[in-house]
Amino acid sequence: MSQTPTERFRLEPAPDGLARVQDLLNTRAIEAYELADLLADGNVASATLGRELSDSDARRLRGLRSTLEDVIGGRPVEPTETPSTLTVDETGVVRLEASGSEWQGVASKIWAEVLLAQRTDTWRRLKRCKNEQCGSAFYDRSRNNSGVWHDVKTCGNQANLRASRARRKSESPTAPA
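What counts, and at which threshold
Residues numbered from 1 in each chain as written. Predicted model: local features only at pLDDT ≥ 70, side-chain atom pairs only at ≥ 80, totals over all residues. Heavy atoms only, no water. Pairing = 2+ DSSP bridges. Helix = DSSP H or I, 4+ residues; strand = E, 2+ residues; numbered from the N terminus. Axes fitted to C-alpha atoms, helices over the stretch in contact; angles between N-to-C directions. Parallel < 35°, antiparallel > 145°, perpendicular 65-115°, else oblique. Left-handed = near helix turned anticlockwise from the far one by under 90°. Contact = heavy atoms within 4.5 Å. Buried < 20%, exposed > 50% of the residue type's maximum accessible area, 1.4 Å probe, protein only. Core = buried A, V, L, I, M, F, W, Y, C linked by side-chain atoms within 4.5 Å. Patch = residues over 30% accessible without salt bridge, like charges linked within 9 Å, V, L, I, M, F, W, Y side chains within 5 Å. Areas by Shrake-Rupley, 256 points an atom, 1.4 Å probe, with all protein chains shown as cover. Salt bridge = Lys/Arg side-chain N within 4 Å of Asp/Glu carboxyl O. Expected span 1.5 Å × (residues − 1). Arc of directions from axis to C-beta. Polar contact = N/O pair within 3.5 Å; in protein donor to acceptor, adjacent residues only side chain to side chain.

## Section: the pairing of strand β2 (residues 94-98)
As judged from the five bridges shared by strand β1 (residues 84-88) and β2, these two strands associate in the antiparallel manner. In the strand pairing of β2, Thr-87 is matched with Arg-95. Between β1 and the antiparallel strand that follows it, β2, lie five residues; Gly-92 among them carries a positive phi value of about 90 degrees.

Structure follows, in structure tokens:
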């Protein structure tokens, strides 16, 4: 079996359907880890998402990914409509089901999972790594939801080292001229 976009970072996937959203976010190219954009074109996107997608579909999915990044980052987004269907089975259980084909089907599934995660209060735990060179999406499993790096040992250490060097540099006395 091939690796999911989230597994590229050796991360545990988010629970339930939120893992789909996390995977879409983790399709982004990240130069620091020499990882390619998994939505670069229709062929790559098709292989990644397991459905036939065109270059135009891949472009639209890159836009969806950017919108999700804005939502996670608390930035305003352009309102949009996405097709979906509510179904009721014979026992009265209501389900939210994605609708549409190509990129719209992917978008419908993604937004349905976002809605469910918002309702179950797991959405706030899906975050992007604060290391600007990384930006991978991770599910914060910390007790108080305070995680900021996808991996403290890599991205966290880099950030802490940079901050420490900056503090030492600003604290060092300047030589007289």
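## Structural notes on the packing of helix α2 (residues 42-49) against helix α3 (residues 55-72)
Two numbers describe how α2 lies on α3: the axes approach to 7 Å, and their chain directions differ by 70 degrees. Considered as vectors, α2 and α3 are oriented roughly perpendicular to each other. Read as a crossing pair, α2 and α3 show a hand that is left-handed. Contact residues: α2 offers Gly-42, Asn-43, Ala-45 and Leu-49, while α3 offers Asp-55, Ala-58 and Leu-61.

## Observations concerning unusual backbone geometry
A positive phi is found at Arg-10, a non-glycine position, where the angle reads about 55 degrees. On the secondary structure map, Arg-10 appears in the segment before α1 (18-25). You can call Arg-10 exposed: its relative accessible area is 79%. One non-glycine residue with positive phi stands out, namely Glu-34, at about 55 degrees.

## Describing the nonpolar core
One finds Leu-18, Val-21, Leu-64, Leu-68, Ile-110 and Trp-123 to be the most contacted residues of the largest nonpolar core, which totals 21 residues. Counting only elements with at least two residues in this core, the list comes to α1, α3, α4 (102-120) and β4 (137-139). With five residues, the top contributor of residues to this core is α4. Setting aside its immediate chain neighbours within four residues, Trp-123 contacts Leu-18, Val-21, Leu-68, Val-71, Ile-72, Val-114, Ala-117 and Gln-118.

## Looking at a nonpolar patch on the surface
On the surface, Leu-86, Val-88 and Val-94 cluster together into a nonpolar patch covering about 320 Å² of accessible area. In this structure, Val-88 sits in strand β1.

## Some words on α3
Counted at 1.5 Å a residue, the expected span for α3 with its 18 residues is 26 Å, and the 26 Å between its end C-alpha atoms agrees. Listing the buried residues of α3 in full gives Asp-57, Ala-58, Leu-61, Leu-64, Arg-65, Leu-68 and Glu-69. Looking straight down α3, one finds its buried side chains confined to an arc of 145 degrees; they lie on one side. Those residues of α3 that are buried lie in contact with α1, α2, α4 and β3 (126-128). Where α3 begins, one side-chain oxygen reaches toward the backbone nitrogen of Ser-56, 3.3 Å away; that side chain belongs to Ser-54. Phi turns positive, to about 75 degrees, at Gly-74, one or two residues after α3.

Keep in mind these values describe shape, not function.
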